[in-house]
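What follows is each chain in one-letter form.
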Amino acid sequence: MLDATQASENVASVRDLKVHFQSKRGVVHAVDGVSFDIQDGETLGLVGETGCGKSVTGRSFLRLLPVPPGILAGGAVSFRPHGPCTACEGAGCEACAKTGRRASGDQPVDLLSISLQDMRRIRGDRIAMIFQDPGKALNPTLTIGAQMSEVFLQHRTAELLDRAGLPPDTAGAVRRFAAQEPRFGDGLILKFPPKRGQRAKLQVALNQMVTEALAETQVPNPAKLMDRFPHELSGGMRQRVMIAQALACNPDLLIADEPTTALDVTVEARILELIRALQQRRKTSVLYISHDLSLVRRICDRVAVMYAGRIVEIGTTEDVFANPRHPYTRGLMAAVPTAGTARGKLAAIRGTVPELVDPPLECRFAGRCPYETATCRQNDPSLQPVSGGHSVACFIDHPTGSQDAPSFDRVTE
Amino acid sequence: MSEITDSNFEKASVRDTAFRVRMRRFFGVLQRLTSNPTTVVGLVLIALMLAMAIFAPWITEANTPDAYQMPRDWGAVRKPPGTPGHWLGTTNEGGDVFYGVIWGSRTSLQLSLYVVGSTMVIGTIIGSVAGLVGGWVDEVLMRIVDVFLSIPELIFALAIAAVLGPSFTNIIIALAMVIWVKYARIMRAQVIQIKQNDYVDAARVIGDSKLNIYLKDILPNAVTPVTVQATLDMGNVVLIGATLSFIGLSEAGIAEWGVLVSEGQAGIASGRWWASTFPGLMIFLWALAFNLVGDGLRDALDPRTEGR
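Residues numbered from 1 in each chain as written. Chains lettered and ligands numbered in written order. Predicted model: local features only at pLDDT ≥ 70, side-chain atom pairs only at ≥ 80, totals over all residues. Heavy atoms only, no water.

### Side note on the interface of chain B and chain A
The extent of an interface is frequently quoted as the accessible surface area lost upon association of the parts.
1) Next: If you look at the interface, chain B gives 29 residues, while chain A gives 46 residues.
2) Next: For the pair chain B and chain A, the two sides together bury roughly 3300 Å², of which 53% comes from carbon and sulfur.
3) Next: With a closest N to O distance of 4.0 Å, Arg59 of chain A and Asp198 of chain B form a salt bridge.
4) Next: For the side of chain B that touches chain A, the elements supplying multiple residues, two or more each, are helix 1 (6–14), helix 2 (17–34), helix 9 (198–205) and helix 10 (210–246) of chain B. (Contact = heavy atoms within 4.5 Å. Buried area = accessible area lost by both parts, 1.4 Å probe. Salt bridge = Lys/Arg side-chain N within 4 Å of Asp/Glu carboxyl O. Helix = DSSP H or I, 4+ residues; strand = E, 2+ residues; numbered from the N terminus.)

### A few points about the confidence of the model for chain B
All names here are of chain B.
1) Next: Of the residues in chain B, 92% reach a pLDDT of 70 or more, and the chain-wide mean stands at 87.
2) Next: The low-confidence segment residues 1–15 (pLDDT under 50) makes 23 contacts with residues lying over four places distant or belonging to another chain.
3) Next: Across the whole predicted complex the pTM is 0.80, and at the interface the ipTM reaches 0.80. (pLDDT = per-residue confidence, 0-100.)

### Looking at the domain arrangement of chain A
Residues and elements named next belong to chain A.
1) Next: Examined at the domain level, chain A breaks down into domain 1 (1–118 + 285–357 + 385–399) and domain 2 (127–250).
2) Next: The interface of domain 1 with domain 2 comprises seven residues on the first partner and four residues on the second.
3) Next: Overall, the association of domain 1 and domain 2 removes approximately 470 Å² of surface from exposure, summing both partners, and the carbon and sulfur fraction of that is 79%.
4) Next: One can count zero salt bridges joining domain 1 with domain 2.
5) Next: Across the domain 1-domain 2 interface, the total number found is zero residue pairs in polar contact (both at pLDDT 80 or more).
6) Next: Here the side of domain 1 that touches domain 2 is built from residues that sort into five nonpolar, no polar and two charged. (Domains from an automatic or database assignment. Polar contact = N/O pair within 3.5 Å; in protein donor to acceptor, adjacent residues only side chain to side chain. Nonpolar A, V, L, I, M, F, W, Y, C, P; charged D, E, K, R; others polar.)

### A few points about the sheet that holds strand 14 (residues 390–392) of chain A
All names here are of chain A.
1) Next: Taken in spatial order, the eight strands line up as 8-9-10-3-11-12-14-13 in an open sheet, and their pairing is mixed. Edge positions in the sheet fall to strand 8 (127–130) and strand 13 (384–387), since each has one partner strand and no second. The mean inter-strand angle of the sheet, taken between neighbouring strand axes irrespective of direction, is 20 degrees.
2) Next: Pairing analysis gives four bridges linking strand 8 to strand 9 (residues 253–257), with the strands arranged parallel. (Pairing = 2+ DSSP bridges. Axes fitted to C-alpha atoms, helices over the stretch in contact; angles between N-to-C directions.)

### Section: the pattern of salt bridges
All names here are of chain A.
1) Next: Summed over all chains, the structure comprises 35 salt bridges over all chains.
2) Next: Of the charged contacts in the structure, one is a salt bridge between Asp252 and Arg126, with a shortest N-O distance of 2.9 Å. Of this pair, Asp252 sits in the loop between helix 10 (235–247) and strand 9 while Arg126 sits in the loop between helix 3 (116–122) and strand 8, placing them 126 residues apart in sequence.
3) Next: Across the pair Arg377 and Glu362 runs a salt bridge whose closest N-O atoms are separated by 3.4 Å. Remark: Glu362 occurs in the loop between helix 14 (327–335) and helix 15 (374–378) and Arg377 occurs in helix 15; sequence separation between them is 15 residues.
4) Next: Of the residues examined, Arg377 reaches a relative accessible area of 40% and is grouped as partly exposed.
5) Next: Overlapping salt bridges, with partners in common, bring together Asp125, Arg126, Arg156, Glu159, Arg163, Glu212 and Asp252 in one network. (Buried < 20%, exposed > 50% of the residue type's maximum accessible area, 1.4 Å probe, protein only.)

Following this line, the structure appears as structure tokens:
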């Protein structure tokens, strides 16, 4: 865990998050008491295998849980939106990387308990998300331009009116168009004079904003791209559009849910570079969800390893990769093949992920762990610090005091 | 960023992307539609029958006072086709078969438009509510739909029309009450499937309101099968409507194909085939045309054939 002096620099912190799913066989504890912080401007990698709850954790930031059957069983996700930098009053200084904004302004809000109205204001504006498969995350019936426009209509109405040269107190159908609150018959009003001209000006302003946002992601000819439908684009282009949409409003936090899994390796590298560059320029914090260890090692400042609905190890990338303290993390790293791996020899962690239906009080990794002892079967380890900023949930580093504490020196199988 | 002046706002209206894109899409569907010969046959037939309905007063002079009532020429009963003034012959009661065929297309068009139009709206709304809200609302609505679907269409429509009493309006009401369930079913299935898509989540993620998500992300992606079903029903409704008219659930003596067939069927045994055959042929062609186009539309709108 982070020490107290750093706490104010957290853009978001998750405390004891629990998400359950009701299944026919019982309650599935998909996320079971997860706590971590995302520091301002950092990239936090959330790694784990399929079904360990990493996507559910990421989605809970935006309250995107299928309700029902997903049940928020407890915990809090507090989020501190960026305010003007206290050190320089928005002028831009070293502390805020010349953006003039940092996560020290407003009071934190609990994303799990605020009203839907407040949530909608945060979604897309302060917290954005990039999805795994860009082919499925774009509406096939809308053009790229129309889809990109939505985010501006939703969150940048004032700027839009200003750019279109309309007074900020514009009312009626034009305003409703700019704020995306259409009413029956508005379409007809906006098609004919006197409102037609204002509508056209708004469209020009909107097109400009969309083009600028697309240009940021280095797509060739953004103006032309706007008229295209998603199915006319390649996967990499679609993901660029998603990124452009996600970063359009300068969010404080970006949830990237395996954004390159559906792309091939050459495109992956470019997309990662793009996310990295945009993030560093804007000082956006990123929660990068992935199962690819080598990728996480390359781009993340800190790493949290998830296993069976829990965080088992968290720390800076160097700490975790140089000195993994949890047997699961060790197993994961051993399983990454390198150029020197002999043909036919791929390391694997034995066994499978346990069922999370009413889990018993024991270490979740027991049964797969090569170092397990009777202690691991009787107690549930909690996340405890081993060194500054590096924590692990394992009895090897935090013995309970009983005789048969597990150790890396003793393989029990 | 360039200043928005009136001159480049002129350019903007030329560059009305939404309109151009919509046209591109429309012509794409049209092109795929017309590349299928059977669909073209259907389209031509529909065009001919629509022309017939629209230009009915110019083809045969409207009967007074009520144009939808068959004119009775008691001086020329049971005349065969080719009789001057009665090209397709007359019925037992001196009704002009040609007049019935022409004005019958108007009646049929009214019937199918009213029934399909109203049921499409009702079914879409109810199906959407069931799919979006889910839970017990969905459960209640779908059980009602199940009850409606458990009775055969024709029998159910017949029962309702019989209870309401014989009139053409009642046939429309009866058919509407029977057919809406199909659209509710289709729409619910579509909505449930589409709302699980990532792009709906993506729209929520950018802070869109529920209404906007429904109007922009769910509805446009859900209407394809509803449109196809509506086209098929344009034909089927006339078929069922004619059946109900035939067994006397419509006003006697109106210019309607089913009524005309029933008026002529007494003469078939005595060799006067024409009074039933021509309106019967029209019912057949009408149902066939819309079914051909409906099938073609299903293929043309299928996203998997897009860009082929």
